[in-house]
Amino acid sequence: VAHFVADSPPGVLRADPIRIVEAVVTGTAFLGAGTIFRRRGADEHVEGLTTAASLLLVAAIGVSVALRQIIVTVLITLLTLILLRVARYLFLDRKSGRARANGRPEK
């Protein structure tokens with residue numbers, strides 16, 4: 001974060017890194033909220049939670065790249081890929097290829 005605090009001549013706009021990260025998280029959370037849908041009816045369930053969480057994880061990866069934290073970036077990326085594979089395995093119906101509602105197979 002030292003490259004954000006470098007001395008600069010007067011009159012030059014300096015960016016606060018916490019505000020930049022806050023703006024990235026807020027914007028990404030807003031976009032992620034738009035991917036969440038509630039289905040009503042006989043099989044009432046919520047869709048898009050994994051997509052919203054993935055968007056926030058990608059934002060975290062982007063912030064870690066911007067801060068030049070390569071080891072953190074690689075670890076977060078690997079953890080994200082592993083978690084998404086595990087979630088797909090747990091919540092995907094093998095016969096139909098469709099997502100299961102609430103982690104249970106559809107009837």
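1. Section: the overall build of the protein
- Secondary structure summary: the protein contains 3 helices and 2 strands in total.
- Reading the protein from its N terminus to its C terminus gives the helix and strand order α-β-β-α-α.
- Taking all 107 residues of the protein together, 13% fall into the buried category.
- Sequence separation of at least 24 residues holds for 26% of the intrachain contacts in the protein that already meet a minimum separation of 6.
- As displayed, the protein offers around 8700 Å² of accessible surface, 66% of which is attributable to carbon and sulfur atoms.

2. A look at helix α1 (residues 17-33)
- Its 17 residues give α1 an end-to-end C-alpha distance of 24 Å, which sits within 8% of 24 Å, the value for a rise of 1.5 Å per residue.
- Among the residues making up α1, those that are buried are P17, T28 and G32. Buried residues of α1 fall within an arc of 40° about the axis and therefore sit on the same side. For α1, the exposed residues set more than 90 degrees away from the buried face come down to R19, E22 and F30.
- Looking at the buried side of α1, the elements it contacts are α2 (49-66).

3. Observations regarding a nonpolar patch on the surface
- Taken together, the side chains of I70, V74, L78, I82, V86, Y89, L90 and F91 present a nonpolar region at the surface, about 780 Å² in accessible area.
- As for its position among the elements, I70 is in helix α3 (residues 70-91).
- Given a relative accessible area of 54%, I70 falls into the exposed group.

4. Focus on unusual backbone geometry
- Of note, R68 is a non-glycine position whose phi angle comes to about 60°, a positive value.
- Among the structural elements, R68 can be located in the loop between α2 and α3.
- Judged by its relative accessible area of 59%, R68 falls in the exposed class.

5. Brief notes about the environment of S54
- Note that S54 resides in helix α2.
- Between the alpha carbons of S54 and L83 there is a distance of 9.9 Å; along the sequence they are 29 residues apart.

6. Let's talk about the pattern of salt bridges
- By the definition in use, this model includes 1 salt bridge.
- Across the salt bridge formed by R39 and E47, the nearest N and O atoms sit 3.2 Å from each other.
- For E47, a relative accessible area of 31% gives the class partly exposed.

7. Considering the packing of α1 against α2
- It is at 9 Å that the axes of α1 and α2 come closest, and there the two elements cross at 160°. Considered as vectors, α1 and α2 are oriented roughly antiparallel to each other. For the pair α1 and α2, the crossing hand works out as right-handed. Touching V21, V24, V25, T28, A29, L31 and G32 of α1 are A52, L55, L56, A59 and V63, all from α2.
- Split by residue class, the contact of α1 with α2 holds 10 nonpolar, 2 polar and no charged.

What counts and how
Residues numbered from 1 in each chain as written. Predicted model: local features only at pLDDT ≥ 70, side-chain atom pairs only at ≥ 80, totals over all residues. Heavy atoms only, no water. Helix = DSSP H or I, 4+ residues; strand = E, 2+ residues; numbered from the N terminus. Buried < 20%, exposed > 50% of the residue type's maximum accessible area, 1.4 Å probe, protein only. Contact = heavy atoms within 4.5 Å. Areas by Shrake-Rupley, 256 points an atom, 1.4 Å probe, with all protein chains shown as cover. Expected span 1.5 Å × (residues − 1). Arc of directions from axis to C-beta. Patch = residues over 30% accessible without salt bridge, like charges linked within 9 Å, V, L, I, M, F, W, Y side chains within 5 Å. Salt bridge = Lys/Arg side-chain N within 4 Å of Asp/Glu carboxyl O. Axes fitted to C-alpha atoms, helices over the stretch in contact; angles between N-to-C directions. Parallel < 35°, antiparallel > 145°, perpendicular 65-115°, else oblique. Left-handed = near helix turned anticlockwise from the far one by under 90°. Nonpolar A, V, L, I, M, F, W, Y, C, P; charged D, E, K, R; others polar.

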